[in-house]
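Chain by chain, the residues:
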Amino acid sequence: MQLDFGMMTKYMPYFFRSLVVTLQLTAASLLLGIIIAIPLSLIKLSRFRAVRAVGSFYTSIFRGVPLLVQVFVVYFGLPQLIGLTFTSFQAGCITFAFNSAAYISESLRGGIMAVDVGQREAAMALAVPYGSMMKDIIFPQAIKSVMPSLVNEFIGLLKNTTLISTVGLVDVLRASQMVVSDTYRAFEPYITAAAFYYVLVMFISFLGKQLERWVNKSDQR
Amino acid sequence: MISVEHVYKSFKSLEVLQDVSLTIQDGEVVAIIGPSGSGKSTLLRCINLLERPTSGHIYVDGVDVAAPKVNIQQIRQKVGMVFQHFNLFPHMTVLQNMTYAPVKVLHMDAKQAQEKCLALLERVGLADKAASYPATLSGGQKQRVAIARTLAMDPKVILFDEPTSALDPEMVKEVLTVIKDLAGTGITMALVTHEMGFAREVADRICFLDEGRLVEDAPPEIFFSTPKSDRAREFLDKVL
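These numbers were taken from a predicted model, which means no experiment stands behind them. (Residues numbered from 1 in each chain as written. Chains lettered and ligands numbered in written order. Predicted model: local features only at pLDDT ≥ 70, side-chain atom pairs only at ≥ 80, totals over all residues. Heavy atoms only, no water.)

S.K.: Honestly, the overall build of chain B in this entry has me stumped. Any pointers?
M.R.: Counting its secondary structure elements, chain B contains nine helices and ten strands. For chain B, whose C-alpha radius of gyration is 18 Å, the value lies close to the compact-globule estimate of 18 Å for 240 residues. Projecting the C-alpha coordinates of chain B onto the three principal axes gives extents of approximately 55 × 45 × 30 Å. The buried share of chain B, taken over its 240 residues, is 55%. Considering only contacts within chain B whose residues lie at least 6 apart along the sequence, 65% involve residues at least 24 apart. For chain B, the exposed surface amounts to about 10400 Å²; the carbon and sulfur share of it is 49%. Side chains of chain B give 26 positive and 30 negative charges; the mean places of these two sets differ by 5 Å. (Helix = DSSP H or I, 4+ residues; strand = E, 2+ residues; numbered from the N terminus. Rg over C-alpha atoms; globule rule 2.2 N^0.38 Å. Buried < 20%, exposed > 50% of the residue type's maximum accessible area, 1.4 Å probe, protein only. Contact = heavy atoms within 4.5 Å. Areas by Shrake-Rupley, 256 points an atom, 1.4 Å probe, with all protein chains shown as cover. Lys, Arg positive; Asp, Glu negative; His and termini not counted. Charge placed at Lys NZ, Arg CZ, Asp CG, Glu CD.)

Okay, here's the thing in structure tokens:
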């Protein structure tokens with residue numbers, strides 16, 4: 001048995017194009033996920049039990065259904081239900097965003113609860129309205145404890161995006177599969193894909209560390 | 001003027017305040033004292049609605065803060081609060097801590113707010129700390145910043161909730177000096193404290209709470225020399 005990574009070079013441009021797709025999908029899903037997670041975390045912290053129940057129902061759905069099933073429901077199922085077809089990129093973005101929102105909102109909720117209640121009281125005593133208080137006082141402090149799990153979520157999301165290859169989007173995994181069928185060799189293409197993901201994850205971890213240091217700046221003397 | 005009328009407050013089955021009534025005139029300094037768990041802080045926190053009374057009325061300038069549709073923000077603009085644990089915003093500098101609410105809530109011009117707050121910092125003796133973060137300050141300095149932050153809103157009333165209880169002994173005085181300087185400037189003050197000497201010195205009246213009831217309400221010279229109730233006598237015996 002022989003390995004021939006040399007033959008991979010001609011597929012490299014192809015891999016890098018698919019890398020852009022993976023990155024776009026991950027970034028878009030994460031961003032959208034955070035945007036959904038913010039109000040969702042506030043819903044989970046509501047004074048009203050019924051409102052809180054909506055929040056935990058949301059999370060239980062996305063936690064309780066395998067992600068691949070969610071992808072299929074959105075990509076194949078929803079068009080039948082609402083008559084709107086999604087591209088595989090859109091379907092992935094929707095699924096991963098709503099899915100990660102479920103997890104991000106949980107850690108956001110924890111982060112908000114971990115902020116000293118005195119901060120909230122001080123803001124209230126200064127007549128600061130709820131929205132401003134959350135945006136300027138509570139979230140900036142909550143984000144410190146949320147940052148590590150947000151980085152984890154980012155990494156998990158990146159790896160989960162491989163599921164989208166099952167509905168035809170040419171991400172890094174799909175690209176490697178196509179190289180496999182083109183060359184009748186499996187090891188080199190898949191190892192190449194693995195290396196791409198590994199390097200990406202290492203890079204995100206590194207960025208996350210820097211970001212953590214940055215948000216903790218005001219604690220230093 | 002603050003007028004507390006027949007206020008009850010209970011947490012679940014625990015009755016914290018029972019039929020408390022008292023009036024604080026404009027510019028008056030009232031010290032609220034009593035054993036721990038007597039409901040002092042709860043009474044204070046009812047005035048700016050950090051706690052909602054179970055029943056009864058609290059009027060601040062004629063507005064019932066316990067009414068269901070009251071504009072809480074409006075009342076809190078007039079009633080500032082200084083906390084035991086300072087509650088400065090750790091991610092903001094001293095100056096940002098102070099200018100935040102005036103700019104955000106009172107829509108004060110940012111430049112104007114900064115000048116005003118720098119002057120206030122000068123007044124509490126911390127002009128050189130404007131750009132520092134709270135983590136770099138001592139407890140006494142933090143509390144002085146917190147007082148200045150409250151003053152930046154131009155409140156008519158300031159509620160002090162055990163402002164020196166979390167401080168090291170050597171820092172108590174610098175904070176009390178700042179509070180003393182405020183007494184007599186026309187700001188109405190309600191002060192929950194364990195500093196009996198200080199209460200005697202600055203307060204116009206002493207309110208003694210015990211087990212959720214207002215047991216005595218008298219000028220300091222009378223309260224400290226001839227307390228009427230046994231409870232107050234026992235308490236003073238222990239703390240003086």
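S.K.: Where do I start with the nonpolar core in this structure?
M.R.: Nonpolar side chains in soluble globular proteins tend to be buried together. Counting residues in hydrophobic clusters, the biggest one holds 74 residues, and the most contacted among them are Val128 of chain A together with Ile2, Val4, Ile32, Leu43, Ile58 and Leu159 of chain B. Top element by residues in this core is helix 6 (residues 130-160) of chain A. It accounts for ten residues. With near-sequence residues (within four places) excluded, Val4 of chain B lies in contact with Val20, Ser21, Leu22, Leu43, His57 and Ile58 of chain B. The next biggest cluster of nonpolar side chains, apart from the first, holds 35 residues, and it includes Phe86, Val145, Phe160 and Leu167 of chain B. (Core = buried A, V, L, I, M, F, W, Y, C linked by side-chain atoms within 4.5 Å.)

S.K.: What is the right way to read the pattern of salt bridges from this model?
M.R.: One side chain can pair with another of opposite charge once the charged atoms of both are near each other. Tallying each qualifying case throughout the model produces 17 salt bridges over all chains. We note a salt bridge from Glu174 of chain B to Arg144 of chain B, for which the minimum N-O separation is 3.0 Å. With Glu174 of chain B in helix 6 (residues 169-182) and Arg144 of chain B in helix 5 (residues 139-151), this pair connects stretches of sequence that are 30 residues apart. Ionic pairing is found between Asp230 of chain B and Arg233 of chain B, a salt bridge with its closest N-O pair at 2.6 Å. Of this pair, Asp230 of chain B and Arg233 of chain B both sit in helix 9 (residues 230-239), three residues apart, roughly one helical turn. Given the relative accessible area of 37%, Arg233 of chain B is considered partly exposed. Taken together, the salt bridges that share partners define one network made up of Lys44, Glu106 and Arg109 of chain A. (Salt bridge = Lys/Arg side-chain N within 4 Å of Asp/Glu carboxyl O.)

S.K.: Just checking my understanding: could you explain helix 9 of chain B for this structure?
M.R.: An α-helical turn contains 3.6 residues, so a residue and the one three or four places further along point in the same direction. Residue and element names in this part refer to chain B. Turning to helix 9, its buried residues are Ala232, Phe235 and Leu236. Viewed along the axis of helix 9, the buried residues span an arc of 95 degrees, placing them on a single side of the element. More than 90 degrees from the buried face of helix 9, the exposed residues found are Asp237 and Lys238. Buried residues along helix 9 sit against strand 3 (29-33), helix 7 (196-202), strand 9 (205-210), strand 10 (213-218) and helix 8 (220-225). (Arc of directions from axis to C-beta.)

S.K.: Sorry if this is basic, but what is going on with the side chain of Asn48 of chain B here?
M.R.: Take Asn48 of chain B: it is sitting in the loop between helix 1 (40-47) and strand 4 (55-60). The contacts of Asn48 of chain B, once residues within four sequence positions are left out, are Ala125 of chain A together with Arg76, Val79, Met81 and Leu159 of chain B.

S.K.: How do you make sense of the interface of chain B and chain A when you look at a structure like this?
M.R.: Interface size is often expressed as the accessible area that is lost when the parts come together. Opposite the 24 residues of chain B that make contact, chain A presents 22 residues. Here chain B and chain A share an interface that buries about 2000 Å² over both sides, 62% of which is from carbon and sulfur atoms. For the chain B face of the interface with chain A, the top three residues by lost area are Phe89, His91 and Tyr100 of chain B, together amounting to 25%. Summed over the shared surface of chain B and chain A, the number is two salt bridges. Between Asp136 of chain A and Lys104 of chain B there is a salt bridge, with its nearest N and O atoms 3.4 Å apart. Listing elements by their share of the side of chain B that touches chain A, those giving two or more residues are helix 2 (72-78), strand 6 (79-82) and helix 3 (94-104) of chain B. In the side of chain B that touches chain A, the residues fall into 14 nonpolar, six polar and four charged. (Buried area = accessible area lost by both parts, 1.4 Å probe. Nonpolar A, V, L, I, M, F, W, Y, C, P; charged D, E, K, R; others polar.)

S.K.: Help me understand the packing of helix 1 (residues 12-44) of chain A against helix 6 of chain A, please; the structure alone is not making it clear to me.
M.R.: Packed helix pairs are characterised by how far apart their axes lie and by the angle those axes make with each other. Residues and elements named next belong to chain A. Close contact between helix 1 and helix 6 brings their axes to 11 Å; oriented N to C, the two are set at 140 degrees. Compared by their axis directions, helix 1 and helix 6 come out oblique. The handedness of the crossing between helix 1 and helix 6 is right-handed. Two secondary-structure elements touch here, helix 1 through Thr22, Thr26, Ser29, Leu30, Ile34, Ile38, Ser41 and Leu42 and helix 6 through Tyr130, Met134, Phe139, Leu150, Phe154, Leu157 and Leu158. Of the residues contributing to the contact of helix 1 with helix 6, the split by class is eleven nonpolar, four polar and no charged. (Axes fitted to C-alpha atoms, helices over the stretch in contact; angles between N-to-C directions. Parallel < 35°, antiparallel > 145°, perpendicular 65-115°, else oblique. Left-handed = near helix turned anticlockwise from the far one by under 90°.)

S.K.: Honestly, the sheet that holds strand 2 (residues 14-24) of chain B in this entry has me stumped. Any pointers?
M.R.: Across a sheet, strands are paired by hydrogen bonds formed along the backbone, either parallel or antiparallel in direction. All names here are of chain B. Strand order in the open sheet formed by four strands is 2-1-4-5, with antiparallel pairing between adjacent strands. At either margin of the open sheet sits one strand with a lone partner, and together these are strand 2 and strand 5 (63-64). Note that strand 1 (residues 2-11) and strand 2 share seven bridges and pair antiparallel. Along strand 2, the bridge assignment pairs Ile2 with Ile24. Contacts from helix 1 reach strand 1, strand 2 and strand 4 within the one sheet, and its direction differs from that of strand 2 by about 60 degrees. (Pairing = 2+ DSSP bridges.)

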